[in-house]
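Spelled out from the first residue to the last, the chains are:
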Amino acid sequence: MRSVLEKVARQNVGLSSFDAPLRDHSWWKIGGPADLLVQPTSSTELCLLIKCLREYEIPHLFIGDGSNLLFDDSGVRGAVVKLGRNLSSFQIKGRDVVAEAGVFVPKLVRCIGKSGLSGLEHAVGIPGTLGGLVLMNGGSLRQGIGSNVRRVHAINRAGEELQLDQKACEFAYRKSALQHSRLVITRVELSCVHGDAAEILDRMREILRNRRKKFPRRYPNCGSVFLSDPKNYSAFGPPGAIIEKCGFKGFQIGNAKIPEQHANFIVNLGNASSSDVLSIVHAVRNRVFEATGFLLNCEVRYVKTTGQQVPAHEHRCDLQIT
Ligand SMILES: Cc1cc2nc3c(=O)[nH]c(=O)nc-3n(C[C@H](O)[C@H](O)[C@H](O)COP(=O)(O)OP(=O)(O)OC[C@H]3O[C@@H](n4cnc5c(N)ncnc54)[C@H](O)[C@@H]3O)c2cc1C
């Protein structure tokens, strides 16, 4: 495997590293080494890389900023392809924005706001790349980026470029067809509405102030762990409130803990393992099921050592609900 990976790495000289600790690429600061980490600098390079990974049958996955990912302590046996600041240019023209997938969302939406365009204020505090946000249809205040997406440019597993319009992306609450497509998003066309720049920036500041009050910031975390399912929201409230009612604030396994500040977060106190986090996920899910009769599902995705991803609650599904 190593000699094959070296051949792949030679195509991306300078931006590839072997045995790269994935904890350095995850907001949770958890995760063992990836056999190879590649950070392409252009979509042409990305196309070539995908063809090469396919030709040598190397397991691989694409990541953005790792703000929604739990890597395994054993890392990934294969290649992790990171789309970040090397693919982060964007242009704003009239009401339209075209941005590369690796752009950091808070930076992009601030620039959009400064240009007097409204609609993306809700995303100002979400610490990931545009590609990750679109794939997750992420957002805050019960909004999702999908409503502003006009077209997604992507590359398939054969290394061919293609485009999907908003309908083809099938955006739903924190879901999109892209999650099951095995496509890598390279560029996104967004459309906004005109507004007053000063008011838009004020709104963003207000959103950031509220987030700072609500969310834990001291220890590494991946934001909300469980999805707020709109169907259950009206009956039981947001996941944080349900988890709190079940007595989990302060609950700790190993070095992972549900903080006092917000029960839908799990923080890494310093040396948490992926199984510490997964054990908390299962403990919470089981207890909430006993109390309410419904199962919380994870927003956070767990990356197996094979490079495959599943919502974190789906891993270790052999655990019984008691
Ligand atoms: C402190 C904190 C607060 C958060 N608050 C929110 C919030 O308010 N709302 C919210 O929705 N989320 C929130 N999140 C979660 C996370 O920031 C979002 O899901 C974010 O959009 C993920 O982007 P990323 O670049 O980090 O993606 P990653 O975590 O790297 O990846 C997420 C998924 O996207 C895939 N992916 C990434 N880039 C691409 C690409 N270019 N092409 C194809 N697939 C790709 C990955 O394979 C993976 O399946 C928060 C996280 C943190 C740490």
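Residues numbered from 1 in each chain as written. Predicted model: local features only at pLDDT ≥ 70, side-chain atom pairs only at ≥ 80, totals over all residues. Heavy atoms only, no water.

- If you look the protein chain up in an unreviewed UniProt entry, it shows as UDP-N-acetylenolpyruvoylglucosamine reductase from Rhodopirellula sallentina SM41.
- Taken directly from UniProt, the Pathway (unreviewed entry) text for the protein chain runs: "Cell wall biogenesis; peptidoglycan biosynthesis." (UniProt positions renumbered as here; feature names shortened; annotations may be inferred.)

A word on the sheet that holds strand E17 (residues 309-311)
Thinking step 1. Taken in spatial order, the three strands of this open sheet run E4-E16-E17, and their pairing is mixed. Both outer strands of the open sheet, strand E4 (69-71) and E17, are each paired with one neighbouring strand and no more. Going across the sheet, the axis of each strand differs from the next one's by a mean of 30°, ignoring polarity.
Thinking step 2. Bridging between strand E16 (residues 301-303) and E17 involves three bridges; their strand directions are antiparallel. Within E17, the position partnered with Val303 by the bridge is Gln309. (Pairing = 2+ DSSP bridges. Helix = DSSP H or I, 4+ residues; strand = E, 2+ residues; numbered from the N terminus. Axes fitted to C-alpha atoms, helices over the stretch in contact; angles between N-to-C directions.)

A closer look at the packing of aromatic side chains
Thinking step 1. This model, assessed by the stated rule, comprises three aromatic pairs.
Thinking step 2. Considering the side-chain rings of Phe248 and Phe251, the 5.0 Å spacing of their centres and the 90° angle between planes classify their relative orientation as edge-to-face.
Thinking step 3. Owing to a relative accessible area of 1%, Phe248 belongs among the buried residues under this scheme.
Thinking step 4. Take Phe251: its relative accessible area is 25%, and that puts it in the partly exposed class.
Thinking step 5. Across from the ring centre of Tyr233, 4.1 Å away, lies the NZ or CZ of Arg142, which sits over that ring. (Phe/Tyr/Trp six-rings, centres within 6.5 Å; stacked < 30°, edge-to-face > 60°. Buried < 20%, exposed > 50% of the residue type's maximum accessible area, 1.4 Å probe, protein only. Lys NZ or Arg CZ within 6 Å of the ring centre and 35° of its normal.)

A closer look at the pattern of salt bridges
Thinking step 1. Summed over all chains, the structure comprises eight salt bridges.
Thinking step 2. Here Arg77 makes a salt bridge to Asp35, at a shortest N to O gap of 3.1 Å. Here Arg77, found in strand E5 (residues 76-82), pairs with Asp35, found in strand E2 (residues 33-38); they are 42 residues apart in sequence, far enough to count as distant.
Thinking step 3. Judged by relative accessible area, which is 34%, Arg77 ranks as partly exposed.
Thinking step 4. Note that Glu244 and Lys249 form a salt bridge whose closest N and O atoms lie 3.4 Å from each other.
Thinking step 5. Residues joined by salt bridges that share partners form a network here, namely Asp96, Arg150, Arg151 and Glu189. (Salt bridge = Lys/Arg side-chain N within 4 Å of Asp/Glu carboxyl O.)

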